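Per-entry structural report
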Amino acid sequence: MSLLPKGPYGCPYLQLAPMEGVGDYCFRKAMASVGGFDEAVKDFLRVPQNAHVKSLSLAYTANELSPTSLTAQIMGSDPELMGEMAQELMKRGAPRIDVNCGCPSNIVTGRGAGSSLLKDPSFLHTVVRAVVKSVSIPVTVKMRSGYEDTSLFKENLLAAQESGVRYITLHPRTKVDGYGPPARWDLIAEAKSILKIPVVGNGDILKVEDALKMLETTKCDALMIGRGAVINPFIFHQIQSHFSRKSYKPQWNDLLNYLDVYIKSMPIDMPNKIQINKLKQLFGFLFKSTPKLLENRQAILTSRYENIVDFLNYAKPLLKEGWEYTERDSKLG
Ligand SMILES: Cc1cc2nc3c(=O)[nH]c(=O)nc-3n(C[C@H](O)[C@H](O)[C@H](O)COP(=O)(O)O)c2cc1C
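This text gives an overview of the structure that appears in the document. Please read these numbers as outputs of a predicted model, since none were measured by experiment.

Focus on the site of the ligand
Not every one of the 22 residues close to the ligand is listed here, only the nearest: Ala17, Asp43, His171, Gly226 and Arg227. Class assignment of the residues belonging to the shell around the ligand gives a composition of eight nonpolar, nine polar and five charged.

Structural data, given as structure tokens:
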């Protein structure tokens, strides 16, 4: 059975991307309350040298978004420990294990994990194969297009495929690119032509038109969206509604409910200052969704409030003002 089944009316399988620091528990819960996607991938669980995998695996809760499934992603470079971690996560109910071959962070890459695995396709194969052999659930890989350049692109894709993964999610930027230049969708098309296994396309989908263009130009099998969903939490529903041809118009109350779930999901003992910083980060994305909102983004980010109620009393009216349906519809499809 396909791991990436199409939805009604031929809508592609839609995944919420892992985003460490941004796409945390609060965000995932808020997104799940909106819905529209088929599956979420949790941000990476680090598997350092000498890791005690059992304790590390406790950070993953399989039914967190139930009934929407949550994939566990692991990042490390010790084949044995990666296999053991995958086993622990399987015992904790993970439906799938994704191996991170893309994280650009220097702390991570310094230890040979994440995007560093792309420097050596045969080592990538060793690590991923160890994971595949350790579990009876599907294993997948999420990768960038290379480390410094794309010279090993094909080799890395084939190494991952030969290790036995069920599909590859491609974010077509190199480690060195960071998030700077536009994602090279032509590489997603190239991966499709090289691989026998499915390819999930990822990178720079900000509106429905982008999703359609990626599908058409790359022939990828499914879509993963990260920042586009933080900017516009309704993007998955909007993609679905394009396929079903049923109108979908999120109301201001829908956004309020989303924010409410986000806020209620913050730990009660979280200091006010951290709560406000978290909300500023979230609003920083939301205020990118229309030109009108963009005008007030800097004011939101530089505002100084001591408590969350005052911050929300200031920020929500500005958000409402910019969240004009006609405008948003035309900008975000
Ligand atoms: C703040 C942030 C954290 C991220 N954390 C992860 C992560 O934990 N694992 C991962 O595979 N990719 C991670 N990514 C990459 C995203 O999953 C995704 O591949 C990338 O943002 C491109 O997709 P987008 O344009 O839809 O955001 C992260 C990206 C961002 C912006």
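Brief notes about unusual backbone geometry
For the peptide bond that leads from serine 66 to proline 67, omega is 10°, which places it in the cis range. Mapped onto the elements of the fold, proline 67 is located in the loop between helix H2 (53-57) and strand S4 (69-76). Non-glycine residue asparagine 50 carries a positive phi angle of around 60°. Tracing the chain through its elements places asparagine 50 in the loop between strand S3 (45-47) and H2. Residue lysine 219 is not a glycine yet carries a positive backbone phi of 65°. By the element assignment, lysine 219 lies in the loop between helix H8 (208-218) and strand S9 (222-225).

Regarding helix H6 (residues 153-162)
Those residues of H6 that sit buried are Phe153, Asn156, Leu157, Ala159, Ala160 and Gln161. Turning to H6, the residues buried within the fold contact helix H5 (121-134), strand S6 (139-146), strand S7 (168-174) and helix H7 (185-194). Looking one or two places after H6, you find glycine 164, whose phi comes out positive at around 105°.

Each value, and the rule that gives it
Residues numbered from 1 in each chain as written. Predicted model: local features only at pLDDT ≥ 70, side-chain atom pairs only at ≥ 80, totals over all residues. Near = placed C-beta within 6 Å. Nonpolar A, V, L, I, M, F, W, Y, C, P; charged D, E, K, R; others polar. Helix = DSSP H or I, 4+ residues; strand = E, 2+ residues; numbered from the N terminus. Buried ≥ 20, exposed ≤ 12 C-beta atoms within 10 Å, placed from the backbone. Contact = placed C-beta atoms within 7 Å.

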